[in-house]
Amino acid sequence: MASDFDALCIDSARLMDRLMSLAEVSPIAGGGNCRLALTDADRDGRDLVVSWMRDLNMDISIDAVGNIIACWNVGSGAPVMTGSHIDTVRTGGKFDGNYGVLAGLEVVETCQRNGYIPSRPLAVGIFTDEEGARFAPDMLGSLVYVGGMTTEEALDITAIDGPRLGDELVRIGYAGSAPCPGPVPHSFVELHIEQGPLLEANNVRIGAVTGVQGISWQEVTVVGQSNHAGTTPMSLRHDPTYVAAEIAVFLRQLSARFGDHQVCTVGKMDVFPNLINVVAARVTLTLDVRNTDENLLQQAEHEIAEFLEKIAIAEGVTITTKKLARFEPVVFDPRVIDIIESIAKQQSNTVERMPSGAGHDAQMLARVCPSAMIFVPSVNGISHNPAEHTDTEDLVAGANILLHTMLTLCATDLGRSR
Ligand code: HGY
Ligand code: MN
Ligand code: MN
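Computed from a prediction, not measured in an experiment: that's the story for all the values here.

Conventions we followed
Residues numbered from 1 in each chain as written. Chains lettered and ligands numbered in written order. Predicted model: local features only at pLDDT ≥ 70, side-chain atom pairs only at ≥ 80, totals over all residues. Heavy atoms only, no water. Near = heavy atom within 4 Å. Polar contact = N/O pair within 3.5 Å; in protein donor to acceptor, adjacent residues only side chain to side chain. Areas by Shrake-Rupley, 256 points an atom, 1.4 Å probe, with all protein chains shown as cover. Nonpolar A, V, L, I, M, F, W, Y, C, P; charged D, E, K, R; others polar. Donors = N, O, S within 2.8 Å, 3.2 Å for Na, K, Ca; no water. Helix = DSSP H or I, 4+ residues; strand = E, 2+ residues; numbered from the N terminus. Buried < 20%, exposed > 50% of the residue type's maximum accessible area, 1.4 Å probe, protein only. Domains from an automatic or database assignment. Contact = heavy atoms within 4.5 Å. Buried area = accessible area lost by both parts, 1.4 Å probe. Phe/Tyr/Trp six-rings, centres within 6.5 Å; stacked < 30°, edge-to-face > 60°.

## Things to note about the site of ligand 1
Here is step 1: Residues in close proximity to ligand 1 include E130, E131, D138, W217, R290, A358, G359 and H384, which together make up its full environment.
Here is step 2: E131 has a polar side-chain atom sitting 3.0 Å from an oxygen atom of ligand 1.
Here is step 3: At 3.0 Å, a side-chain N or O of D138 approaches an oxygen atom of ligand 1.
Here is step 4: Contact with the protein chains covers 96% of the free accessible surface of ligand 1, which is 210 Å².
Here is step 5: Residue composition of the shell around ligand 1, grouped by class: two nonpolar, two polar and four charged.

Put into structure tokens, the structure is as follows:
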């Protein structure tokens, strides 16, 4: 059925200009960015994107955990919302998160430039600390936005480099006054790069994302007996570095045993005193364990806990754990997924349904309103890496699907989430 916005399409040069301009904020070797949450670099990225939001005469609200919600207040009722994040991991790419935020601005500007007034407000969100790399958990800002964590609890979280989240918000000038939880949107759609190999491997341009897998993050601290590397017989050692290595091997073996969607990562490891001739005193490592199946994820957590107990006794070390993040798998709203899939096909794209391996803000908005995601391919499946790349025609195709999906949602009565 024809719509009054069928002829609208985004301006690819404008979208790419903004993406490349944002990529100039704290660039790193290899073509990526380092804008860890609430650092000066994150502030600079925020300031740039907020200036674009102001240029579009959007009403900008900054909330108590620094989420930036820009709204083009036309039409009536709750807004159709999109958005993502512009904080990055330390070795981030140009597109992770940034693409979804800037495509959202492109949707608004395309409507404005063509004199098209949607029947609902359109909102674009920049959620604080989606990566969780500096302040755990990930998707922190959107979690607080939907009431999944109190503002007070979030403000007291300390960064891996020490500072308190609330103090960093004040320091960079993004400690907002809007309360959390924030206003509930009519619906939420996030456009994002896949960050994995599936779309490329299947030669498909668009992912209609069905949900997000479960995530379990924990920090493990192993305390042993620091000693001289030359004089200490192997039989008398209580070596935390050896235990940390055993944990990494156990996780790899568990993933092989579980197969399917099970993934495990030891991404961060701090050895103290980290010297060539000293048997370490302490090792702190992080475990990132994910599965699309909640029961299997719980089983993985249980097996890991049992293994930690066993190796602590065997090596004579003490092991303590701290939960950093735990989110169950999320299923997106089938009505929104259907809209995405049919628009992708109408616009002559190949499209397939798929779960998301990465966490996203949409998994939090799904708690309060009908939500789903649109994926475009990642070249070589690479992400969280400066070499992250998506071809321009894929970026443009995704943005056009976001445009028509948001405008279709404006005219769709969804009621409450199913
Ligand atoms: O960890 C994740 O999946 C996301 O990049 N925050
Ligand atoms: Mn992301
Ligand atoms: Mn990411």
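## Notes on the coordination of the manganese ion (ligand 3)
Ideal values differ by geometry: the angle at a metal is 109.5 degrees with four tetrahedral donors, but 90 or 180 degrees with six octahedral donors.
Here is step 1: Ligation of the manganese ion (ligand 3) by protein atoms is provided by D96 (OD), E131 (OE), E131 (OE) and H384 (NE2), these donors lying 2.1 to 2.6 Å from the ion.
Here is step 2: Between consecutive donor residues of the manganese ion (ligand 3), the sequence gaps follow D-x34-E-x252-H.
Here is step 3: Separating the manganese ion (ligand 3) from the manganese ion (ligand 2) is a distance of 3.5 Å, and D96 supplies a donor atom to each of them. Here E131, found in the loop between strand 6 (122–126) and helix 4 (140–145), pairs with H384, found in the loop between strand 18 (371–376) and helix 12 (392–410); they are 253 residues apart in sequence, far enough to count as distant.
Here is step 4: Judged by relative accessible area, E131 falls into the buried class, the value being 8%.
Here is step 5: For H384, a relative accessible area of 40% corresponds to the partly exposed category.

## Some thoughts on the domain arrangement of the protein chain
Accessible area lost on assembly of the parts is the figure often given for the size of an interface.
Here is step 1: Domains assigned within the protein chain are domain 1 (2–212 + 329–410) and domain 2 (214–327).
Here is step 2: Taking the mean C-alpha position of each, domain 1 and domain 2 sit 33 Å from one another.
Here is step 3: Facing 17 residues of domain 1, the contacting portion of domain 2 comprises 13 residues.
Here is step 4: Each partner contributes to the roughly 960 Å² buried at the junction of domain 1 and domain 2, and carbon and sulfur atoms together form 69% of this total.
Here is step 5: A per-residue breakdown of the area domain 1 buries against domain 2 is headed by A136, D138 and P329, which together make up 44% of the total.

## Concerning the packing of aromatic side chains
Here is step 1: Taken as a whole and judged by the stated rule, the model has four aromatic pairs.
Here is step 2: Residues F5 and Y116 carry aromatic rings whose centres are separated by 6.0 Å and whose planes lie at 80° to one another, so their mutual orientation is edge-to-face. Separated by 111 residues along the polypeptide, F5 in the segment before helix 1 (12–23) and Y116 in the loop between helix 3 (98–113) and strand 6 bring together distant segments of the chain. When sorted by exposure, F5 lands in the same class as Y116, which is buried.
Here is step 3: Measuring from ring centre to ring centre gives 4.0 Å for F250 and F307, while their planes differ by 5°; the resulting arrangement is stacked. With F250 in helix 8 (residues 240–258) and F307 in helix 9 (residues 294–315), this residue pair connects regions lying 57 residues apart in the sequence. Neither F250 nor F307 differs from the other in exposure class; each is buried.

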